[in-house]
Amino acid sequence: MKTLQNQTLLFDEDCPLCQVYTTGFIKAGMLDENGKKPFSSLTSEEHNFIDIKRASNEIALVDNKNKTVIYGIDSLLKVIGNSFPWMEKVGNIAPIKFLLKRLYSFISYNRKVIIPNKKASDKVLQCVPSFNYKYRVLYIGFAILITALTLFNYSELIADLPKDFNRELILAFGQIVFQSLFLIKFDRQIILNYTGNLMTVSLIGSLILTPILILNQFINLPEILILVWFGITVFIMFIEHFRRIKLLELPNYLAFTWIFYTTFNLLIILNL
């Protein structure tokens, strides 16, 4: 790999994904050993030429020699393009770059609901993205769709279970409405932060169910295994939901109202 010298990526040290790919760039030789730096370690001098707010939303690549900065998808394309020039050229084609920017923003603005962390009280400067209603709503809509598709396909593996995609959509959206009733005293941003985490839990459940869906394409799995796997998935989702509620410092009862909603609707479906 061709190493990009004297360039440093400012990364969110509380974001596991950010840590992985910045470390990967260094291990691959695409950046030198000083090629990454925690956002919270910015010096007063760096504050003079770095847009702090923008760097919280888009990973910043600092040219240590010229004291210049590029952000977001441009910084990633520069790092990758130094070793693979063709990738930078393709990435800078207008329609492709437009899509890459939107995808990057979709992930970046939602990264704290995809992988949440407890706010560190000992850090003066934290890399927390701005709250973006558009990308949060898009993320929630995406998660609802994936959850409904997964549950619909999983229901087809269970002989006596009614099959209805619209029902799965309503149930996936309904949990948001139901849980929001218990957050009525909180402001809209807190509710949407919680909803983002709730739908991430649903996506985790969908990922856990997916191996069974794939395996059943090749092997006719016994229904008892399919039901047990679903039960294990709900239990894992409950634990993860509870963990996230703790991180968000929200009432513990939200975990139990969610399991009530899930169990109640499952019983209704089974008795149709």
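Up top is the structure.
### A word on the pairing of strand E4 (residues 68-71)
Point 1. Side chains Val69 and Tyr71 project from E4 onto a buried face, and the interleaved Thr68 and Ile70 project onto a face without burial.
Point 2. Across four bridges, strand E3 (residues 60-63) lies against E4 in antiparallel orientation. Bridged to Asp63 within E4 is Thr68.
Point 3. The loop that links E3 with its antiparallel partner E4 comprises four residues; one of these, Lys67, has a positive phi angle of about 60 degrees.

### Structural notes on helix H11 (residues 223-248)
Point 1. Its 26 residues place the ends of H11 37 Å apart at the C-alpha level, agreeing with the 38 Å of an ideal helix rising 1.5 Å per residue.
Point 2. Three or more residues of H11 are buried, namely Ile226, Thr233, Val234, Met237, Phe238, Glu240, His241, Arg244 and Ile245.
Point 3. Glu249 lies just past H11 and shows a positive phi near 60 degrees.

### A look at the side chain of Arg136
Point 1. Relative to the assigned elements, Arg136 resides in helix H8 (residues 133-155).
Point 2. Within the local environment of Arg136, its side chain forms a polar contact with the backbone oxygen of Tyr109, the two atoms lying 3.2 Å apart.
Point 3. At a separation of 2.8 Å, a polar atom in the side chain of Arg136 contacts the side chain of Asn110.
Point 4. Dropping the residues within four chain positions of it, Arg136 is found in contact with Tyr109, Asn110, Val113, Phe131, Leu192, Asn193 and Gly196.

### Thoughts on the sheet that holds strand E1 (residues 7-11)
Adjacent strands of a sheet form backbone hydrogen bonds with each other and so pair up, either parallel or antiparallel.
Point 1. Taken in spatial order, the four strands make up an open sheet running E2-E1-E3-E4, and their pairing is mixed. Whereas interior strands pair on both sides, the edge strands pair on one side only; in this sheet they are strand E2 (36-38) and E4. Averaged over all pairs of adjacent strands, the angle between strand axes in this sheet comes to 30 degrees, irrespective of strand direction.
Point 2. Pairing of E1 with E3, which is carried by four bridges, proceeds in the antiparallel orientation. Directly across from Thr8, in E3, lies its bridge partner Val62.
Point 3. On the sheet, helix H1 (residues 16-27) packs against E1 and E2 and is oriented at approximately 165 degrees with respect to E1.
Point 4. The strands touched by helix H4 (residues 73-83) within the sheet are E1, E3 and E4, with E4 carrying the most contacts at an inclination of about 105 degrees.

### A few points about the packing of H8 against helix H9 (residues 165-180)
Point 1. Running from N to C, H8 and H9 point in directions that differ by 135 degrees, and their axes come no closer than 8 Å. It follows from the interaxial angle that H8 and H9 lie oblique. Remark: the crossing between H8 and H9 carries right-handed chirality. Across the interface between the two elements, Ile140, Ile144, Leu145, Thr147, Ala148, Leu149, Leu151, Phe152 and Ser155 from H8 touch Phe165, Arg167, Glu168, Leu169, Ala172, Phe173 and Ile176 from H9.
Point 2. A breakdown of the residues in the contact of H8 with H9 according to their chemical character gives twelve nonpolar, two polar and two charged.

### Describing H9
Point 1. A rise of 1.5 Å per residue sets the reference length of H9, with its 16 residues, at 22 Å; its end C-alpha atoms lie 23 Å apart and thus fit the reference within 8%.
Point 2. For H9, the side-chain oxygen to backbone nitrogen distance between the N-cap and Asn166 is 3.0 Å, and the N-cap itself is Asp164.

Calculation rules
Residues numbered from 1 in each chain as written. Predicted model: local features only at pLDDT ≥ 70, side-chain atom pairs only at ≥ 80, totals over all residues. Heavy atoms only, no water. Buried < 20%, exposed > 50% of the residue type's maximum accessible area, 1.4 Å probe, protein only. Helix = DSSP H or I, 4+ residues; strand = E, 2+ residues; numbered from the N terminus. Pairing = 2+ DSSP bridges. Expected span 1.5 Å × (residues − 1). Polar contact = N/O pair within 3.5 Å; in protein donor to acceptor, adjacent residues only side chain to side chain. Contact = heavy atoms within 4.5 Å. Axes fitted to C-alpha atoms, helices over the stretch in contact; angles between N-to-C directions. Parallel < 35°, antiparallel > 145°, perpendicular 65-115°, else oblique. Left-handed = near helix turned anticlockwise from the far one by under 90°. Nonpolar A, V, L, I, M, F, W, Y, C, P; charged D, E, K, R; others polar.

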